[in-house]
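# Structural features, examined
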Amino acid sequence: AGPTIAAGEILVEIMATDRGMGFLEPQALIGPYPSGAPAIFIDQVARLGGGAGIIGCVGRDDFGTINLERLRRDGVDVSAVAVSDRYPTGSAFVRYRPDGGRDFVYNIAESAAGRISLTEEARRLADGAGHLHVMGSALSISGLKEIIAYAARAVRARGGSTSFDPNVRKELIDGADGAQFSRLVDDADLLLPSGDELLAAAGVDDEGQAVKALIARGVGEIVLKRGAAGSTRFGADGSRIDCAGFLVEEVDPTGAGDCFGATYLTCRRKGMEPAKALFYANAAGARNVTRRGPMEGIAGFDVLDAFIAGTARAA
Ligand code: ATP
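Residues numbered from 1 in each chain as written. Predicted model: local features only at pLDDT ≥ 70, side-chain atom pairs only at ≥ 80, totals over all residues. Heavy atoms only, no water.

Let us now look at the overall build of the protein. Within the protein, the regular secondary structure consists of ten helices and 13 strands. By the compact-globule yardstick of 20 Å for 315 residues, the protein fits well, its C-alpha radius of gyration being 18 Å. Its C-alpha atoms put the protein at 50 × 45 × 40 Å along the principal axes. Averaging the locations of the 34 positively and 41 negatively charged side chains of the protein gives two centres separated by 3 Å. (Helix = DSSP H or I, 4+ residues; strand = E, 2+ residues; numbered from the N terminus. Rg over C-alpha atoms; globule rule 2.2 N^0.38 Å. Lys, Arg positive; Asp, Glu negative; His and termini not counted. Charge placed at Lys NZ, Arg CZ, Asp CG, Glu CD.)

This is how it looks when you write it as structure tokens:
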């Protein structure tokens, strides 16, 4: 029992409306949209009716306000979000290339998001949590490493569970980070990689071998994200479930992975079987890419059921 919690960057995102242009010329931008991977994840948990809380830091400005208002409206406990008088809310400018690739201009390290620390409110939230979700990218921010280590211990001590999205580039983590990264993988009840991340986490170059190696290291279940192609769930008992992607027009891919992971986790925490949880997660990821803005496609079960009823899937 106890809510699902996440920790890390709460940002606004501002995006170029046309594909293909760099930021070198004046152009049409749209935003700000509430964003940040942990914020997207935890908002989706709350929208599905799962208890949810986040540890983070925003500035005392409009960008902070739109994030806090969105999270609060959707039912996320924001008592452990610090508000900085000194640093502005973090931001990300994004543009999409014609081939679908993305380029970001981030302002995180020197923003409120980079000032995150283990406050008393953060300890209190972690001490009551039933599940901790960690993003690999968090391991590059020093204040966050401490929060994650504390929260992982607290959640384990209460018999709770953890999930890990290993979205990190190996080149960016040093030896100490590498040890924390490996421990988070080994201890994960649920691992949520995409293709390359699965191989990198296992240190092998074959999908089947990677799954076997990670299960042998103690991972409870692995759910692999395959973009438009859908997803696959590997159980500790050697089982495998494939789920085809929904056929949608992709408007904005940012946030799909977090929406997907939050949905799978929340469905499982509600006691759903893996196949049903995977189906809902596929729907949540697919629906999210049909809306501009990383959190604008987030949906509760009523909207997901309607989406599922009205959308075809790849063969
Ligand atoms: P990101 O880092 O951009 O959030 P990710 O690489 O972690 O994404 P994806 O594989 O892109 O995760 O997306 C997660 C899930 O969302 C997929 O497994 C799939 O179920 C769904 N999804 C994503 N993109 C599409 C799409 N274009 N069409 C249908 N479903 C999609």
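The structure having been displayed, the exposition proceeds.
It is worth spelling out the pattern of salt bridges at this point. Enumeration over the complete set of coordinates arrives at 14 salt bridges. Residue Asp186 pairs with Arg217 through a salt bridge whose shortest N-O separation is 2.7 Å. Highlighted residues: Asp186 in helix α5 (residues 175-187) and Arg217 in the loop between α7 (207-216) and β11 (221-225), separated in sequence by 31 residues. Residue Asp186 is classed as partly exposed on the basis of its relative accessible area, which comes to 26%. According to the relative accessible area criterion, Arg217 is partly exposed, its value standing at 32%. Here Glu207 ties to Arg226 by a salt bridge, and the two come within 2.9 Å at their closest N and O atoms. Note that Glu207 is positioned in helix α7 and Arg226 in the loop between β11 and β12 (230-235), a separation of 19 residues in sequence. Owing to a relative accessible area of 27%, Glu207 belongs among the partly exposed residues under this scheme. What emerges from the salt-bridge pattern is a single network uniting Arg47, Arg73 and Asp74. (Salt bridge = Lys/Arg side-chain N within 4 Å of Asp/Glu carboxyl O. Buried < 20%, exposed > 50% of the residue type's maximum accessible area, 1.4 Å probe, protein only.)

Now for the packing of aromatic side chains. Overall, the coordinates contain six aromatic pairs when judged by the stated rule. Here Phe164 and Phe181 contribute two aromatic rings whose centre-to-centre distance is 5.5 Å and whose plane-to-plane angle is 70°, an arrangement assigned as edge-to-face. Remark: Phe181 occurs in helix α5 and Phe164 occurs in strand β9 (residues 161-165); sequence separation between them is 17 residues. When the centroid spacing of 5.4 Å and the interplanar angle of 55° are considered together, the rings of Phe246 and Phe307 count as tilted. (Phe/Tyr/Trp six-rings, centres within 6.5 Å; stacked < 30°, edge-to-face > 60°.)

Taken together, the nine strands give an open sheet; going across it, the order is β5-β4-β1-β8-β9-β10-β11-β12-β13, and neighbouring strands pair in mixed fashion. The open sheet has two edge strands with one neighbour each: β5 (81-84) and β13 (240-244). Taken strand by strand, helix α4 (residues 142-157) contacts β1 (4-7), β4 (52-59), β8 (131-135) and β9, and its axis lies near 150° from that of β8. The strands touched by α7 are β10 (190-191), β11, β12 and β13; relative to β11, the strand with the most contacts, the crossing angle is about 150°. (Pairing = 2+ DSSP bridges. Contact = heavy atoms within 4.5 Å. Axes fitted to C-alpha atoms, helices over the stretch in contact; angles between N-to-C directions.)

The local shell around the ligand holds 18 residues, among which Gly227, Gly230, Glu250, Gly257 and Asn282 are the closest. In this structure, Gly227 approaches the ligand through a main-chain N or O atom, which is 2.7 Å from an oxygen atom. Contact distances for the ligand include 2.8 Å between an oxygen atom and a backbone N or O atom of Gly230. Relative to its free-state accessible area of 620 Å², the ligand is covered by the protein chains to the extent of 83%. Secondary-structure elements contributing two or more residues to the shell around the ligand are α8 (256-269) and α9 (274-289). Among the elements that line the shell around the ligand, the one with the most residues is α9, at four residues. Taken together, the residues of the shell around the ligand sort by class into eight nonpolar, six polar and four charged. (Near = heavy atom within 4 Å. Polar contact = N/O pair within 3.5 Å; in protein donor to acceptor, adjacent residues only side chain to side chain. Areas by Shrake-Rupley, 256 points an atom, 1.4 Å probe, with all protein chains shown as cover. Nonpolar A, V, L, I, M, F, W, Y, C, P; charged D, E, K, R; others polar.)

On to unusual backbone geometry, then. In the segment running from Gly31 into Pro32, the intervening peptide bond is cis, with an omega of 5°. You can see Pro32 is positioned in strand β3 (residues 29-35).

Relative orientation of the contacting elements α9 and helix α10 (residues 301-310) amounts to 85°, with a least axis distance of 10 Å. Considering the angle they form, α9 stands roughly perpendicular to α10. Every residue of α10 that contacts α9 at Phe279, Tyr280, Ala283, Ala284, Ala286 and Arg287 is listed here: Phe301, Val303, Leu304, Asp305, Phe307 and Ile308. (Parallel < 35°, antiparallel > 145°, perpendicular 65-115°, else oblique.)

From the geometry alone we can't say anything about function, so treat these as descriptive.
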